[in-house]
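The primary structure of each chain is shown beneath.
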Amino acid sequence: MNFGLFCFNISIANIIELIVVDLKRLQVQARDGPSDPNALAKWRILNRLHDRNETMYYKVLIANIEEYAPVVYTPTVGLVCQNYSGLFRRPRGMYFSAEDRGEMMSMVYNWPAEQVDMIVVTDGSRVLGLGDLGVHGIGIAIGKLDLYVAAAGINPQRVLPVMIDVGTNNGKLLKDPLYLGLQQHRLDGDDYVAVVDEFMEAVFTRWPNVIVQFEDFQSKWAFKLLQRYRNTYRMFNDDVQGTAGVAIAGLLGAVRAQGRPMIDFPKQKIVVAGAGSAGIGVLNAARKTMARMLGNNEIAYESAKSQFWVVDAKGLITEGRENIDPDALPFARNLKEMDRQGLREGASLVEVVKQVKPDVLLGLSAVGGLFSKEVLEALKDSTSTRPAIFAMSNPTKNAECTPEVAFSILGDNIIFASGSPFRDVDLGNGRIGHCNQGNNMYLFPGIGLGTLLSGSRVISDGMLQAAAERLAAYMSDDEVIQGIIFPSISRIRDITQEVAAAVIKEAVEEDLAEGHNGMDARELRKLSQVN
Ligand SMILES: NC(=O)C1=CN([C@@H]2O[C@H](COP(=O)(O)OP(=O)(O)OC[C@H]3O[C@@H](n4cnc5c(N)ncnc54)[C@H](O)[C@@H]3O)[C@@H](O)[C@H]2O)C=CC1
Ligand SMILES: CC(=O)C(=O)O
Ligand SMILES: [Mg+2]
């Protein structure tokens, strides 16, 4: 045997095949979700490949995106973050800690890449639905950027995952000798803002064209930081704005799936469980979308809010709520009106569903199983011809319900979407209960790519709206009628391209586009007229 010759003859394609065979071996008897005993092993193999040969890693990921997105992204990335100290081998990305104050500018100038196009930054304070995971939340920034490379074709040398380490309030991590971050309680108030301000100034000084995606910040800071930076820097908050766009696309898909035109959206009664960064982001965007359809004036905006009932950890939110969160206040229901509806402050989700008989039940609560048998039974009285259930919380075990439970209780005439992937449900006699993945992954890569290529200085509401509308229109009437309201992950490169084009077009129309890489605003305008 000529071992040397054997080595010489083995091609890149053969090596990739060997890696995939190795990964597939772990798929025997594998199940979805964090309980999948092989999920972490698959992640480890992919992560080692990422360390050894980045090009090959992305080749494997892109060629097998349907299989490995759930490994590098939700649900497995959640498990990875929960076990990060044990899995950690080599650092990836940058860590800016509260102790680096005054040094961040020089730290940024020490980063080896000449140019960085995309940063995903987190402070690890609310990682998926898993709570405060401190610096171990870096895994979520890495996973999101993997999708930027795989879906949007961003150069992997030009992406940067960032952790802002201001401590953690996770009691377990504070005591864990293997914890990799600052073992102190989180900074708050002005001290916290000063750290994030210094980071933003440093990265935009070195890379003025970078785009910064804020990810998995607890609600309290998600909204404040978005307002603080969005008119100055090229940034967006994925949980607030990306999720809102994906939910709008899904909600409009649910209207079409009832055989009705999208313009009927303002008639939908929507119960939202969860009033955090994601829930409030969706509510604001859905209300604005309805208002636009109703005439785009103050009266339309006011009347649109009566289509929403919001339930949080304390039950139905009404004007009777003490110390109400200011972000939830616009959706607090009037007490007298609720009384007429047989509801009260703090009414339970099941009571609300029974009384409202909603068209849509949407969960962004991070509470697995919240859409219990009782809640789904109550939804049987929905006034909709085809009720929609969006169990959008991640990872899998935090989903408000599974598609199996939803289809078994409500029958096949529903629309179902979940944040993490589930398999379609076999309903017998050749019928399939379709499980859509309603996840911001269908928007953020296109928002980032479109912003980068347009050279827009900020990310406007119009650009985000254009992205959502493109996703909403992506599915054909045939697909929607079958209950398929989101594309399959195998189409993520195509949808990302479409979303990016819509974002560029809107940036040009709003006169925000300044061009990119030798293509100036005038040329972009010509392109946008042709397409
Ligand atoms: N599918 C997707 O694309 C996305 C999904 N998410 C998921 O949404 C979930 C929530 O995220 P955030 O809003 O940032 O979290 P958050 O912690 O800011 O908000 C959670 C909300 O749920 C409420 N809640 C807790 N228990 C409840 C109960 N028993 N009934 C009703 N509401 C309850 C809380 O009061 C709070 O308003 C997470 O699981 C996250 O993974 C977030 C962004 C995108
Ligand atoms: C998908 C996502 O961004 C989240 O669950 O936080
Ligand atoms: Mg997130």
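Since the model is a prediction, treat every value here as computed from it, not as a measurement. (Residues numbered from 1 in each chain as written. Chains lettered and ligands numbered in written order. Predicted model: local features only at pLDDT ≥ 70, side-chain atom pairs only at ≥ 80, totals over all residues.)

## As for the overall build of the protein
Counting its regular elements, the protein contains 24 helices and 14 strands. On the principal axes, the C-alpha backbone points of the protein span a range of 80 × 60 × 55 Å. When each of the 531 residues of the protein is scored for burial, the buried share is 52%. Considering only contacts within the protein whose residues lie at least 6 apart along the sequence, 71% involve residues at least 24 apart. (Helix = DSSP H or I, 4+ residues; strand = E, 2+ residues; numbered from the N terminus. Buried ≥ 20, exposed ≤ 12 C-beta atoms within 10 Å, placed from the backbone. Contact = placed C-beta atoms within 7 Å.)

## Comments concerning the UniProt feature "binding site: (S)-malate" (unreviewed entry) in the protein
According to UniProt, the "binding site: (S)-malate" (unreviewed entry) feature falls on Arg126, Asn394 and Asn439. A count of 26 C-beta atoms within 10 Å places Arg126 in the buried class. Look past the residues within four positions of Arg126 in its chain and what remains in contact with it is Gly131, Asp132, Asp216, Phe217 and Gln218. In this structure, Asn439 sits in the loop between β14 (435-437) and α20 (444-454). Note on Asn439: 25 C-beta atoms within 10 Å, which makes it buried. Here Asn439 is in contact with Thr74, Val246 and Gly419, once residues within four sequence places are set aside. (UniProt positions renumbered as here; feature names shortened; annotations may be inferred.)

## Quick word on the pairing of strand β12 (residues 425-428)
When β12 meets strand β13 (residues 431-433), the two strands line up antiparallel, connected through three bridges. Within β13, the residue paired with Asp426 across the bridge is Ile432. Here β12 folds back onto β13, and the loop between the two strands holds two residues, one of which, Asn429, carries a positive phi near 50°. (Pairing = 2+ DSSP bridges.)

## Looking at the domain arrangement of the protein
Per the domain assignment, the segments of the protein are domain 1 (12-233) and domain 2 (242-438). Look at where the C-alpha atoms of domain 1 and domain 2 centre, and you get two points 30 Å apart. Facing the 12 residues of domain 1 at the interface are 15 residues of domain 2. With three residues, the top contributor of residues to the side of domain 1 that touches domain 2 is helix α12 (residues 219-229). (Domains from an automatic or database assignment.)

## Considerations on the sheet that holds strand β7 (residues 308-312)
Pairing is mixed across the open sheet formed by seven strands, whose spatial order is β8-β7-β6-β9-β10-β11-β14. Strands at the two margins of the open sheet, each flanked by one partner only, are β8 (315-316) and β14. Inspection of the sheet shows β7 paired to β8 by two bridges, in the antiparallel sense. Looking at the pairing, Asp312 lines up with Gly315 of β8. The strands touched by helix α14 (residues 277-293) are β6 (270-273), β7 and β9 (360-363); relative to β6, the strand with the most contacts, the crossing angle is about 160°. (Axes fitted to C-alpha atoms, helices over the stretch in contact; angles between N-to-C directions.)

## A short note on the environment of Tyr301
The residue Tyr301 is located in helix α15 (residues 298-304) in this model. The exposure class of Tyr301 is partly exposed, given the 17 C-beta atoms found within 10 Å. Considered as a pair, Tyr301 and Leu471 are 170 residues apart in the sequence and their alpha carbons are 23 Å apart.

## Let's talk about the site of ligand 1
Ligand 1 sits among 31 residues. The nearest are Gly129, Gly276, Asp312, Ser393 and Gly419. Listed by contribution, the elements that provide at least two residues to the shell around ligand 1 are α13 (238-257), α14 and β7. Looking at the shell around ligand 1, its residues break down into 13 nonpolar, 15 polar and three charged. (Near = placed C-beta within 6 Å. Nonpolar A, V, L, I, M, F, W, Y, C, P; charged D, E, K, R; others polar.)

## Remarks on the site of ligand 2
Around ligand 2 lies a shell formed by Thr74, Leu128, Asp216, Asp238, Asp239, Asn394, Gly419, Asn439 and Asn440. Taken together, the residues of the shell around ligand 2 sort by class into one nonpolar, five polar and three charged.

## Quick look at unusual backbone geometry
For the bond from Thr74 to Pro75, the omega torsion is 15°, close enough to zero to count as cis. Position of Pro75 relative to the elements: it lies in the loop between α5 (65-72) and α6 (76-82). Of the consecutive residues Asn394 and Pro395, the connecting peptide bond is found in the cis state with omega at -15°. Examined against the element boundaries, Pro395 turns out to sit in the loop between β10 (388-391) and α19 (403-410). Although it is not a glycine, Asn296 adopts a positive phi angle of roughly 55°. The residue Asn296 is located in the loop between α14 and α15 in this model. Judged by the 10 C-beta atoms lying within 10 Å of it, Asn296 is exposed.

## A closer look at the packing of helix α3 (residues 39-52) against α5
Interhelical geometry of α3 versus α5 gives an angle of 100° and a closest axis separation of 9 Å. Taken together, α3 and α5 sit at an angle that is classed as roughly perpendicular. Side by side, α3 and α5 meet where Ala39, Lys42, Trp43 and Leu46 of the first sit next to Tyr68, Val71 and Val72 of the second. Class assignment of the residues belonging to the contact of α3 with α5 gives a composition of six nonpolar, no polar and one charged. (Parallel < 35°, antiparallel > 145°, perpendicular 65-115°, else oblique.)

## Side note on the sheet that holds strand β5 (residues 235-237)
Hydrogen bonds between backbone groups are what pair the strands of a sheet, and the pairing can be parallel or antiparallel. The five strands lie next to each other as β1-β3-β2-β4-β5, forming an open sheet whose pairing is parallel. The open sheet has two free edges, formed respectively by β1 (94-97) and β5, since each of these has just one partner strand. For this sheet, the mean angle separating the axes of adjacent strands, direction not counted, is 20°. Summarising the sheet, strand β4 (residues 211-214) and β5 pair through three bridges and their orientation is parallel.

## Here we look at the packing of α13 against α14
With their axes 8 Å apart at the nearest point, α13 and α14 run at an angle of 50° to one another. When the axis of α13 is compared with that of α14, the two are oblique. α13 and α14 meet at a crossing whose hand is right-handed. Counted together, Asp239, Val240, Gln241, Thr243, Ala244, Gly245, Ala247, Ile248 and Leu251 of α13 and Ser277, Ala278, Gly281, Val282, Asn284, Ala285, Ala286 and Thr289 of α14 form the full contact between these two elements. Taken together, the residues of the contact of α13 with α14 break down into nine nonpolar, seven polar and one charged. (Left-handed = near helix turned anticlockwise from the far one by under 90°.)

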